[in-house]
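Structural overview
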2 protein chains.
Amino acid sequence: MIKSIAVDMDNVLADIENHLINWYEKEYGVTVDRSALLGVSEDEAFPDKTAARRFIHTPGFFRTVPLMPGALEAIKILMQSYEIYIVSAATEFPISLAEKHAWLAEYFPFISWKNMIFCGSKSVIKTDYMIDDHCKNLDHCLGKPILFHASHNVNIKHHFRVNDWQEVVAYFEKEKQSI
Amino acid sequence: MIKSIAVDMDNVLADIENHLINWYEKEYGVTVDRSALLGVSEDEAFPDKTAARRFIHTPGFFRTVPLMPGALEAIKILMQSYEIYIVSAATEFPISLAEKHAWLAEYFPFISWKNMIFCGSKSVIKTDYMIDDHCKNLDHCLGKPILFHASHNVNIKHHFRVNDWQEVVAYFEKEKQSI
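Residues numbered from 1 in each chain as written. Chains lettered and ligands numbered in written order. Predicted model: local features only at pLDDT ≥ 70, side-chain atom pairs only at ≥ 80, totals over all residues. Heavy atoms only, no water.

**Looking at the side chain of lysine 122 of chain A**
Residues and elements named next belong to chain A.
- Tracing the sequence through the fold places lysine 122 in the loop between β3 (116–119) and β4 (129–132).
- What makes lysine 122 buried here is its relative accessible area of 2%.
- Within the structure, lysine 122 has its side chain in polar contact with the side chain of aspartate 132 (distance 2.6 Å).
- Excluding anything up to four places from it in sequence, lysine 122 contacts Asp8, Val87, Ser88, Ala89, Met130, Asp132 and Asn137. (Helix = DSSP H or I, 4+ residues; strand = E, 2+ residues; numbered from the N terminus. Buried < 20%, exposed > 50% of the residue type's maximum accessible area, 1.4 Å probe, protein only. Polar contact = N/O pair within 3.5 Å; in protein donor to acceptor, adjacent residues only side chain to side chain. Contact = heavy atoms within 4.5 Å.)

**Remarks on the interface of chain B and chain A**
- With 21 residues of chain B at the contact, the number on the chain A side is 21 residues.
- Counting the surface chain B buries against chain A, the share from its top three residues, Thr91, Trp113 and Val124 of chain B, is 30%.
- Here chain B is connected to chain A by zero salt bridges.
- Taken together, the connections running from chain B to chain A amount to eleven residue pairs in polar contact (both at pLDDT 80 or more). (Buried area = accessible area lost by both parts, 1.4 Å probe. Salt bridge = Lys/Arg side-chain N within 4 Å of Asp/Glu carboxyl O.)

**Some thoughts on the pairing of strand β1 (residues 4–7) of chain B**
All names here are of chain B.
- The side-chain alternation of β1 yields two buried faces, one formed by Ser4 and Ala6 and the other by Ile5 and Val7.
- Of the strand pairs in this sheet, β1 and strand β2 (residues 83–88) are connected by four bridges, and their pairing is parallel. The residue bridging valine 7 from the neighbouring strand is isoleucine 86, located in β2.
- Where β1 lies against strand β4 (residues 129–132), three bridges are found, and the strand directions are parallel. When the bridges of β4 are listed, isoleucine 5 appears paired with tyrosine 129. (Pairing = 2+ DSSP bridges.)

**Comments concerning the pairing of strand β5 (residues 144–148) of chain A**
- By the bridge criterion, four bridges tie β4 of chain A to β5 of chain A in an arrangement that is parallel. Its bridge partner being in β5 of chain A, methionine 130 of chain A is matched across the sheet by proline 145 of chain A.

**Things to note about helix α1 (residues 16–28) of chain B**
Residues and elements named next belong to chain B.
- In this model, α1 (13 residues) spans 18 Å end to end at C-alpha, consistent with the 18 Å of a helix rising 1.5 Å per residue.
- For α1, the elements touching its buried residues are α2 (42–45) and α3 (51–56).
- Looking one or two residues past α1, glycine 29 carries a phi angle of roughly 70°, positive in sign. (Expected span 1.5 Å × (residues − 1).)

**Description of the domain arrangement of chain A**
All names here are of chain A.
- Under the domain assignment, chain A is made up of domain 1 (4–15 + 66–178) and domain 2 (16–63).
- If you average the C-alpha positions of domain 1 and of domain 2, the two centres end up 21 Å apart.
- Counting residues at the interface gives 19 residues for domain 1 and 20 residues for domain 2.
- Regarding the contact of domain 1 and domain 2, the summed buried area is about 1,600 Å², with carbon and sulfur atoms giving 53% of it.
- Of all residues in domain 1, Asp15, Glu99 and Ser151 give up the largest surface area on contact with domain 2, accounting jointly for 34% of the area buried on that side.
- A salt bridge links glutamate 92 to arginine 53, with the nearest nitrogen and oxygen atoms 4.0 Å apart.
- At the junction of domain 1 with domain 2, the criterion picks out 13 residue pairs in polar contact (both at pLDDT 80 or more).
- Of the residues contributing to the side of domain 1 that touches domain 2, the split by class is eight nonpolar, five polar and six charged. (Domains from an automatic or database assignment. Nonpolar A, V, L, I, M, F, W, Y, C, P; charged D, E, K, R; others polar.)

**Things to note about the packing of aromatic side chains**
Residue and element names in this part refer to chain A.
- Going through the model one piece at a time under the given rule, you end up with 32 aromatic pairs over all chains.
- Aromatic side chains phenylalanine 62 and phenylalanine 93 sit 6.1 Å apart centroid to centroid with 35° between the ring planes, which places their arrangement in the tilted category. In this pair, phenylalanine 62 sits in the loop between α3 (51–56) and α4 (71–78) while phenylalanine 93 sits in the loop between β2 (83–89) and α5 (94–107), placing the two residues 31 residues apart along the sequence.
- With a centroid separation of 4.9 Å and 35° between ring planes, the pair formed by phenylalanine 160 and tyrosine 171 is classed as tilted. Placement of phenylalanine 160 in the loop between β5 and β6 (161–162) and of tyrosine 171 in helix α7 (residues 165–178) is noted, with a sequence separation of eleven residues between them.
- Exposure remark for phenylalanine 160: the relative accessible area of 42% places this residue in the partly exposed category. (Phe/Tyr/Trp six-rings, centres within 6.5 Å; stacked < 30°, edge-to-face > 60°.)

**Notes on the side chain of asparagine 137 of chain B**
Residue and element names in this part refer to chain B.
- Among the structural elements, asparagine 137 can be located in helix α6 (residues 135–138).
- Asparagine 137 gets classed as buried once you look at its relative accessible area, which sits at 8%.
- Here aspartate 132 takes part through its side chain, which lies 3.1 Å from a polar atom of the side chain of asparagine 137.
- Discounting residues that sit within four places of it in the chain, asparagine 137 has contacts with Lys122, Met130 and Asp132.

**Some remarks on the sheet that holds strand β3 (residues 116–119) of chain B**
- An order of β6(A)-β5(A)-β4(A)-β1(A)-β2(A)-β3(A)-β3(B)-β2(B)-β1(B)-β4(B)-β5(B)-β6(B) is seen for the twelve strands of this open sheet, with the pairing classed as mixed. Each edge of the open sheet is held by one strand with a lone partner, namely β6 of chain A together with β6 (161–162) of chain B.
- Note: strand β5 (residues 144–148) of chain B against β6 of chain B, two bridges, orientation parallel. Counterpart to phenylalanine 148 of chain B in the pairing with β6 of chain B is valine 162 of chain B.
- Docked against the sheet, α5 of chain A engages β2 and β3 of chain A together with β3 of chain B, running at close to 160° with respect to β3 of chain A. (Axes fitted to C-alpha atoms, helices over the stretch in contact; angles between N-to-C directions.)

**A word on the relation of the copies chain B and chain A**
- When chain B is brought onto chain A, the operation consists of a screw motion whose angular component is 180° and whose axial shift is 0.0 Å, with 0.0 Å RMSD remaining. Look at the turn and shift together and you get a two-fold axis relating the two.
- Mapped onto chain A, 100% of the interface residues of chain B are again interface residues, and the two copies thus contact each other with one and the same surface. (Least-squares fit on C-alpha atoms with pLDDT ≥ 70 in both.)

**A look at the nonpolar core**
- Counting residues in each nonpolar core, the largest one holds 97 residues, and the members touching the most others are Leu13 and Trp165 of chain A together with Leu13 and Trp165 of chain B.
- Discounting residues that sit within four places of it in the chain, tryptophan 165 of chain A has contacts with Val7, Val12, Leu13, Met68, Pro69, Gly70, Ala71, Ala74, Ile75, Leu78, Ile131 and Phe148 of chain A.
- Core analysis: the next-biggest nonpolar cluster, separate from the first, contains 22 residues, Ile117, Ile125 and Leu147 of chain A together with Leu147 of chain B among them. (Core = buried A, V, L, I, M, F, W, Y, C linked by side-chain atoms within 4.5 Å.)

Here's what the structure looks like:
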């Protein structure tokens, strides 16, 4: 049976870090270096600690986030051998729901609505693998957890880590051979 | 460990049949008797076969659907002993996403965003039970399927059926005792 992969959106398919840095620069006129985000939450990473949270609650934020480099090509390759589900913890941010749906339709028009999941807790998502940047989603996930590198998670040591989409593809190439 | 129940929205928490009949009456001036919905899809049930599909794509439709009788009281009772996840196949109708979220916030404000799932296929939802009115969701569900009575599903014989929310509560009372 074809194996399934749950793929997160924020910081995995969508480059939230870059987007936050750009929005911050636009509003505050201050360019925050990506290194400032290392090992801290996105709330804490910017001089104004209220900015990131305000941005993610602003209409248009999720709709305009740039694609993570390599994500499109990688998803196309993975879909040849795996069932891909996009699983995003979106219900915390109601205005993000339609925006995330529209964003997926723009960048991944070949992904069916049947394979989209906008949820809160991911603990009842049963896929064979889960690619995510957050321990809160991976620690209790029902499949094999794969930590996608993000600045905030650099100090996490207890999950298998992939640094970019090229590493994801390489990992699943090996997995395929071992099945 | 506390057992989990996936609860569908349309025709389970939300009285879609009544809502369709009311919208049809308002637009066409024709009152369709509920018996016309027996054993057929909602598309086929109305004299104008395009109406139901158009309604469910109309902004405001899902936001204004009435609560299913007994649902509120039953969910409150079930939450005392079970983990409840609201699982709605909403990604087919992007405008329904925010409306369903707002509808839940109105009628079930005590249900956390963590326990909401708006998805397409429900085949990767791993709860111990799933209450739904559609075979497409129950036939391959990972938990114990429970068919919630709806006019369109009256001829379905291969799932355990509950006719209303009182029967759901009674069923889970018994299940609790057998654990």
